[in-house]
Amino acid sequence: IPRKMSALADLINLDLSDSSEKIIAEYIWIGGSGLDMRSKARTLPGPVKDPSELPKWNYDGSSTGQAPGDDSEVIIYPQAIFKDPFRRGNNILVMCDAYTPAGEPIPTNKRHAAAKIFSDPTVAAEETWYGIEQEYTLLQKDTKWPVGWPVGGFPGPQGPYYCGVGADKAFGRDIVDAHYKACLYAGINVSGTNGEVMPGQWEFQVGPTVGIAAADQVWVARYILERITELAGVVLSLDPKPIPGDWNGAGAHTNYSTKSMREDGGYEIIKKAIEKLGLRHKEHIAAYGEGNERRLTGRHETADINTFLWGVANRGASIRVGRDTEKDGKGYFEDRRPASNMDPYTVTSMVAETTILWKP
């Protein structure tokens, strides 16, 4: 068996550029739940630099819950290209969004509306920076129980696991590290990773990245993580509260700044932006991920879902402003409300719209 496995590995790692100009493009899109990622591959005649050089493609929307069987074709438009860490060489991953044959964005296409907001000249001039902290939980495939947890039982209480080291504290580091490097290889601006408070839970951060690119990168980072967990025989969960009870939930804290916030006097602009976010709290919460009410309880480093609070260095607030930002009088703030399963297209564009375009 080992010889057969190594022969298989050799074939998977074949370098096509030795024998052919052709490349493989893996087209990625979002399925009907708004969270399931789908992908399929096609051969292209040669290396590609820009999404505009790529053909549009289609898929069977009746199989993803996005179209009726009698008119099932959904068209995908290539929007962003990344290097493929699995196939390597000149092969690429392509993030797409989905349209009807008539060119209308389908209901699960959240990218289209986000692109409109980010291409608004007022928003573009503000050079919106995002840093998104994606928390996730690794589950054992057969039991759907977190990795490292005793079957049907619980590990010791939280405390030792956050940024922990050791076989009894850090579960799944090989997956985390493989993912970190694969993302950097792909051209995703991952700025770090850490073990989270609940054992079996981890986080990676994407950013600072400008505008819609931040959301494209989070989606492709999720895709790469899904592929790596597939190889490892582990299940990825983005549920905001995977284990009920006295365990931390999983969020996607969204750090944000505009050009004006980063310049002198920015703290005043930050305060005005936070005030506007407070006025639209309910709308934001409604768009910040399914099942978030199970996470935002006012415990485990969250504010209660019905309460809007902000504070300096306060992890129990809806919005946290860092000590440095207060001290420097400029910088960024962190929206702690989005759940781990939020759609980054929706969250990033909504934050920009409320803080830059919306007039109360």
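Residues numbered from 1 in each chain as written. Predicted model: local features only at pLDDT ≥ 70, side-chain atom pairs only at ≥ 80, totals over all residues. Heavy atoms only, no water.

This part is about the UniProt feature "domain: GS beta-grasp" (unreviewed entry) in the chain. In the numbering used here, UniProt assigns the feature "domain: GS beta-grasp" (unreviewed entry) to residues 23-103. The straight-line gap between the two end C-alpha atoms of residues 23-103 is 28 Å; of that span, 0% is helix and 48% is strand. (UniProt positions renumbered as here; feature names shortened; annotations may be inferred. Helix = DSSP H or I, 4+ residues; strand = E, 2+ residues; numbered from the N terminus.)

As recorded in UniProt, the sites labelled "domain: GS catalytic" (unreviewed entry) are residues 110-360. This span, residues 110-360, is 37% helix and 19% strand, and a straight line between its end C-alpha atoms measures 24 Å.

Attention now goes to the packing of aromatic side chains. Here the structure, examined in full by the defined rule, presents twelve aromatic pairs. A ring pair is formed by Trp 29 and Tyr 59, whose centres lie 4.3 Å apart and whose planes are at 20 degrees; its orientation type is stacked. Residue Trp 29 is located in strand 1 (residues 23-30), and its partner Tyr 59 is located in strand 3 (residues 57-60); the two are separated by 30 residues in the primary sequence. Between Trp 149 and Trp 247, the aromatic rings sit 4.7 Å apart at their centres with planes inclined by 45 degrees, giving tilted as the arrangement. Of this pair, Trp 149 sits in the loop between strand 6 (129-140) and helix 4 (173-186) while Trp 247 sits in the loop between strand 9 (234-237) and strand 10 (252-257); the two residues are 98 residues apart in sequence, bridging distant segments of the chain. Looking at Trp 149, the relative accessible area reads 3%, which means it is buried. (Phe/Tyr/Trp six-rings, centres within 6.5 Å; stacked < 30°, edge-to-face > 60°. Buried < 20%, exposed > 50% of the residue type's maximum accessible area, 1.4 Å probe, protein only.)

Take the nonpolar core next. Ranked by size, the top nonpolar core spans 62 residues in total, and within it Met 95, Tyr 136, Ile 188, Ile 224 and Phe 333 carry the most contacts. Per-element tally for this core: the top contributor is helix 5 (residues 212-232), with eleven residues. Contact partners of Met 95, with chain neighbours within four places excluded, come to Ile 28, Ile 30, Tyr 77, Pro 78, Gln 79, Ala 80, Phe 82, Asp 216, Trp 219, Val 220 and Tyr 345. Formed by 17 residues, the second largest nonpolar core is a distinct cluster that contains Tyr 27, Leu 54, Val 74 and Ala 98. (Core = buried A, V, L, I, M, F, W, Y, C linked by side-chain atoms within 4.5 Å. Contact = heavy atoms within 4.5 Å.)

Going through the model one piece at a time under the given rule, you end up with three cavities of 30 Å³ or more. For the largest cavity, the calculated volume is near 90 Å³. Lining of the largest cavity is provided by 13 residues; of these, Ile 30, Asp 97, Ala 98, Thr 108 and Asn 109 occupy positions nearest its centre. Within the residue set of the lining of the largest cavity, elements represented by two or more residues are strand 1 and strand 5 (92-99). Top contributing element to the lining of the largest cavity by residue count: strand 5, with four residues. By residue class, the composition of the lining of the largest cavity is seven nonpolar, three polar and three charged. Quantified by volume, the second largest cavity comes out at close to 50 Å³. In this structure, the second largest cavity is lined by His 281, Ile 285, Leu 296, Thr 302, Ala 303, Asp 304, Ile 305, Thr 307, Ala 317, Ser 318, Arg 336 and Arg 337. Tallied by class, the residues present in the lining of the second largest cavity amount to five nonpolar, four polar and three charged. (1 Å grid on protein atoms, 1.4 Å probe; cavity = no way out; pocket = protein on both sides within 12 Å on 5 of 7 lines; lining within 4 Å. Points joined across faces, edges and corners; volume = space filled by probe spheres on them. Nonpolar A, V, L, I, M, F, W, Y, C, P; charged D, E, K, R; others polar.)

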